[in-house]
Amino acid sequence: MTESIGTVDANPLRQNLPRARVPDPCAVVLFGATGDLTHRKLVPALYHLARGGNLPSECAIVGVARRDWTDEQFRGELEKSLSQNGDPDFAEFWPQFATRLAFSSGTFDDPQTYIRLKERLDQLDVSHGTRGNRLYYLAVAPEFFSTIIEQLGNAGLVYPSRQESPWSRVVIEKPFGHDLASARELNRDVTSVLDESQVYRIDHYLGKETVQNILALRFGNAIFEPIWNRRYVESVQITVSEELGMAGGRGGYYDNSGALRDMVQNHLMQLLCLVAMEAPVNLSADAVRNERVKVLEALPHWTPEDVAKNVVRGQYVAGSIEGKEVPGYHDEKGVKPDSKTETYVAVRTTLNNWRWAGVPFYLRTGKRLPKRASEIAIQFRQPPTTLFEVDSDEAGGANLLVLRIQPNEGASLAFQAKVPASRRRLQEVRMDFRYGTAFAVAPPEAYERLLLDVMLGDPTLYTRTDAVESAWRFCDAILDAWARPDAPPPAPYVAGSWGPEAADALITGEHSGWRRL
Ligand code: BG6
């Protein structure tokens, strides 16, 4: 985690989550409290939850980090970043929120840190009525995950899982491991102290409203599911494109990670799960997570030759985005000058199951692409016969359903309509759903939903260990192939373009190439 303190996204349209069940009183302990994630995402999410009446009044927030801050300094820093969040009543609401905030300093490997933290939490139980319930959030660099969990265990800060009340739960940020072996090792460390039911592995994509809407669209309507299979679907494209390069001093972290580990192993795999899974029998955490993991288990086991045919990696060189010159990856701060880390990945895969056999799923993600846009496009097959003339349409009149994850959150369905006054000419038209217009609000931030769920003890939107391991199993085959001496290096692409040309070759012989968003 970087130590810089960012600003908070202003979004006056942002929606409060509807008031649901209010969680138990609890203390939220943020390890990595001076870092970027805490300031940009976690505390703003807690603030917004409190503002919408979704936090119990007996809820304290304790920051833990190396710096020798007092409560007042911690509050001062948070006030600076939160005051920019566009809340017109900030001045009025802040003093009340600030009383929830406390700071406890110390290094993560020092047992004294946890003795002090325990004393502080005991005091807060009395002063703030937090009743011994503890939510620990590890917003720290991954090398600290095992240490913190071990120290929490040693200090008696986690309770036996059988105990319903008070409870202790731990949220672990991504990345969960660097590959399958390290993920298993981390899991051994974690489960030597905690029960699986106390572990919440976060993938913030699952908390996005539009991502949750994938299941609502598929299983809350009767019309999509009958055609959601190999008979009617020709291909699926999942894109998460970013304009940003190595912003916020992330070069050092990213250079050891790369697009496959940073985005594909988690966010793209989860999108794939939601779009391809079977209907769960109900919406309980296990029912949903069982179906998600089956998708990952249906991914192929690739040899290096398969990887060479189905995966393209790229790395950006200097270019321009929206008329602004941007440096190449090698010139970013924290990046090794001869780095072979990929900043772009495109994957063509299939799923070995009855529903999807033979249907290509195209996944791509990259930094320094022309725009920030995430979407899932379901390309349906062409009508079986051609009665009409289709207007210069590459997809030959086939329907396309696009689920826009961000921005312009919503969905659109393209279909053919007769051009007025023509005899048999068709033209593509669209039915469009936009969150902003339909609900007159922007969707709530992912971290709000996710924090609320962990306080309520609902792990549905968190990743279970079997899913983490299956996703690594697939990605490890790619990493192993790339590590071979004869593997070609990442293909260069100009910043501001849609990635390396080699990726175009993944989609040939079908109606459409990669979508230009
Ligand atoms: C993070 C990645 O998990 O997700 C970042 O580490 C990436 O590299 C970010 O920029 C994208 O998240 P979002 O919500 O902005 O799409």
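Look up: the structure comes first, before these words.
Analysis parameters
Sequence order as written defines residue numbering, which begins from 1 separately in each chain. Given that the model is predicted, a residue must reach a pLDDT of at least 70 before its local features are reported, and side-chain atom pairs must reach 80 or more before they are shown or counted; all residues, however, enter totals for whole chains, interfaces and linings. Only hydrogens and water are set aside; all other atoms, that is, all heavy atoms of the structure, feed into the side-chain values. DSSP bridges decide pairing: two strands pair if at least two such bridges lie between them. Note on conventions: DSSP H or I runs of at least 4 residues are helices, E runs of at least 2 residues are strands, and numbering of each starts at the N terminus. In this description, a line fitted to the C-alpha atoms serves as the axis of each element, helices being fitted only across the stretch in contact, and the angle between N-to-C directions of two axes falls anywhere from 0 to 180 degrees. Being near a molecule or strand, for a residue, comes down to having at least one heavy atom within 4 Å of it. Under this definition, polar contacts are N or O atom pairs within 3.5 Å; protein pairs additionally need one hydrogen-donor-capable and one acceptor-capable atom, and for neighbouring residues in sequence, both atoms have to be side-chain atoms. The method behind every accessible area is Shrake-Rupley, applied with a 1.4 Å probe, and residues are considered shielded solely by the protein chains displayed. Asp, Glu, Lys and Arg are counted as charged, while Ala, Val, Leu, Ile, Met, Phe, Trp, Tyr, Cys and Pro are counted as nonpolar; the rest, among them Gly, fall into the polar class. Side-chain atoms within 4.5 Å link the members of a nonpolar core, which is a set of buried Ala, Val, Leu, Ile, Met, Phe, Trp, Tyr and Cys residues. Relative accessibility decides the category of a residue: with a 1.4 Å probe and only protein chains considered, values under 20% of the type maximum give buried, values over 50% give exposed, and everything between is partly exposed. Any two residues whose heavy atoms approach within 4.5 Å at even a single point are treated as in contact.

Quick notes on the sheet that holds strand S4 (residues 134-138)
Then comes step 1: Sheet architecture is open: six strands sit in the order S3-S2-S1-S4-S5-S6, paired in parallel fashion. The open sheet has two free edges, formed respectively by strand S3 (101-105) and strand S6 (199-201), since each of these has just one partner strand. For this sheet, the mean angle separating the axes of adjacent strands, direction not counted, is 20 degrees.
Then comes step 2: Bridge count for strand S5 (residues 168-172) against S6 is three bridges, and the pairing is parallel.

A short note on the site of the ligand
Then comes step 1: Lining the immediate environment of the ligand, one finds Lys-174, His-204, Tyr-205, Lys-208, Glu-242, Arg-250, Asp-262, Met-263, His-267, Lys-367, Arg-372 and Gln-406.
Then comes step 2: At a separation of 2.5 Å, an oxygen atom of the ligand approaches a polar side-chain atom of Glu-242.
Then comes step 3: At a separation of 2.7 Å, an oxygen atom of the ligand approaches a polar side-chain atom of Lys-367.
Then comes step 4: Protein burial of the ligand: of its 390 Å² of free accessible surface, 82% is covered by the chains.
Then comes step 5: For the shell around the ligand, the leading source of residues is helix H9 (residues 258-276), giving three residues.
Then comes step 6: Its residues placed into classes, the shell around the ligand shows two nonpolar, three polar and seven charged.

What to know about the nonpolar core
Considering soluble globular proteins, one finds that nonpolar side chains tend to be buried as a cluster.
Then comes step 1: One finds Phe-31, Phe-97, Tyr-137, Phe-361 and Ile-376 to be the most contacted residues of the largest nonpolar core, which totals 151 residues.
Then comes step 2: Looking at this core, the element that brings in the most residues is H9, giving 12 residues.
Then comes step 3: Leave out the neighbours within four places in its chain, and Phe-31 touches Val-64, Phe-108, Tyr-114, Leu-117, Tyr-136, Tyr-137, Leu-138, Ala-139, Val-140, Ile-148 and Leu-152.

Describing unusual backbone geometry
Then comes step 1: In this structure, Pro-166 follows Ser-165 across a cis peptide bond, with omega equal to -10 degrees.
Then comes step 2: Tracing the backbone shows Pro-166 in the loop between helix H5 (145-154) and S5.
Then comes step 3: Residue Pro-175 is bonded to the preceding Lys-174 through a cis peptide linkage, with omega at 0 degrees.
Then comes step 4: The topology assignment puts Pro-175 in the loop between S5 and helix H6 (180-193).
Then comes step 5: The phi torsion at Arg-368 lies on the positive side, around 55 degrees, for a residue other than glycine.
Then comes step 6: Among the secondary structure elements, Arg-368 is positioned in the loop between strand S12 (361-366) and strand S13 (373-380).

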